[in-house]
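Letter by letter, the chains look like this.
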Amino acid sequence: MEETLVKSYLQKSLDEWKDDISQVLDEIGKEYDEVAQELKVYSYKYGITKQVIQSTVNEEIIENIRQLYHKPFEENYNQLKEYIRDLEEKRRVFQMFIQKIEEVNRKEATKISIS
């Protein structure tokens, strides 16, 4: 009986922790999707301005395009790429928590069923 209570408490605690981590993981996933969309937008903006610059002969216009659009788009694109890498790392780490919790749950369930 006491062993069942310990198992029940352990299982409940781990499941609650897993739920908390799953919520964090969901938030990271939503943020990742938003950043990925924004990254795609800036990828297109950067690519379009690059093509326009390559097709333009007038150096003054080219410099204006670079200052107004190309450089800011490139900076935003690079920042978003870095941010998405950070989110991927966060997602990987929190997914590892869930895997480890599930691993402990399986080991404990095996111990209880053997007893």
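Worth saying up front: this structure is predicted, and the values here are computed from it rather than measured. (Residues numbered from 1 in each chain as written. Predicted model: local features only at pLDDT ≥ 70, side-chain atom pairs only at ≥ 80, totals over all residues. Heavy atoms only, no water.)

K.L.:
Quick question: what am I supposed to make of the side chain of T49 here?
P.N.:
Note that T49 resides in helix α1 (residues 2-55). Owing to a relative accessible area of 9%, T49 belongs among the buried residues under this scheme. Leaving out residues up to four positions away in the same chain, T49 has contacts with I65, Y69, H70 and F73. (Helix = DSSP H or I, 4+ residues; strand = E, 2+ residues; numbered from the N terminus. Buried < 20%, exposed > 50% of the residue type's maximum accessible area, 1.4 Å probe, protein only. Contact = heavy atoms within 4.5 Å.)

K.L.:
Just checking my understanding: could you explain the nonpolar core for this structure?
P.N.:
Soluble, globular proteins show a tendency: their nonpolar side chains are buried together. Core analysis: the biggest nonpolar cluster contains nine residues, these being I28, Y32, V35, L39, Y42, F73, L80, I84 and L87. If you list the elements that add at least two residues to this core, you get α1 and α2 (59-114). Here the element with the most residues in this core is α1; it accounts for five residues. With five residues, the next largest nonpolar core counts L14, I21, L25 and I101 among its residues. (Core = buried A, V, L, I, M, F, W, Y, C linked by side-chain atoms within 4.5 Å.)

K.L.:
Explain the pattern of salt bridges here, please?
P.N.:
When charged atoms on two side chains of opposite charge get close, those side chains can pair. This structure, assessed with the given rule, holds four salt bridges. Put simply, E102 and K18 hold a salt bridge, and the shortest N to O gap is 2.7 Å. Taken together, the positions of E102 in helix α2 and K18 in helix α1 put the pair 84 residues apart, joining distant regions of the chain. With a relative accessible area of 23%, K18 lands in the partly exposed category. (Salt bridge = Lys/Arg side-chain N within 4 Å of Asp/Glu carboxyl O.)

K.L.:
Explain the packing of aromatic side chains to me, please; I cannot follow it from the model alone.
P.N.:
For any pair of aromatic rings, geometry is given as the distance between the ring centres together with the angle between the planes. Within the structure shown, the criterion is met by five aromatic pairs. With a centroid separation of 5.9 Å and an interplanar angle of 35 degrees, the aromatic rings of Y69 and F73 are classed as tilted. Taken together, the residues span about one helical turn, with Y69 and F73 both in helix α2 at a distance of four residues. Using a relative accessible area of 42% as the deciding quantity, one classes Y69 as partly exposed. Measuring from ring centre to ring centre gives 5.9 Å for F94 and F97, while their planes differ by 35 degrees; the resulting arrangement is tilted. Taken together, the positions of F94 and F97, both in helix α2 and three residues apart, correspond to about one turn of that helix. Using a relative accessible area of 24% as the deciding quantity, one classes F94 as partly exposed. Using a relative accessible area of 33% as the deciding quantity, one classes F97 as partly exposed. Members of the aromatic cluster, connected to one another through ring pairs, are W17, F94 and F97. Over the ring of Y42 we find K45; its NZ or CZ atom is 4.9 Å from the centre of that ring. R91 extends its terminal NZ or CZ atom over the ring of Y32, reaching a point 4.1 Å from the ring centre. (Phe/Tyr/Trp six-rings, centres within 6.5 Å; stacked < 30°, edge-to-face > 60°. Lys NZ or Arg CZ within 6 Å of the ring centre and 35° of its normal.)

K.L.:
Whenever I open this one, the environment of E34 confuses me. Can you help?
P.N.:
Summarising the element assignment, E34 is placed in helix α1. In this structure E34 comes out as exposed when scored by relative accessible area, which is 55%. E34 sits 41 residues away from E75 along the chain, and the two C-alpha atoms are 18 Å apart.

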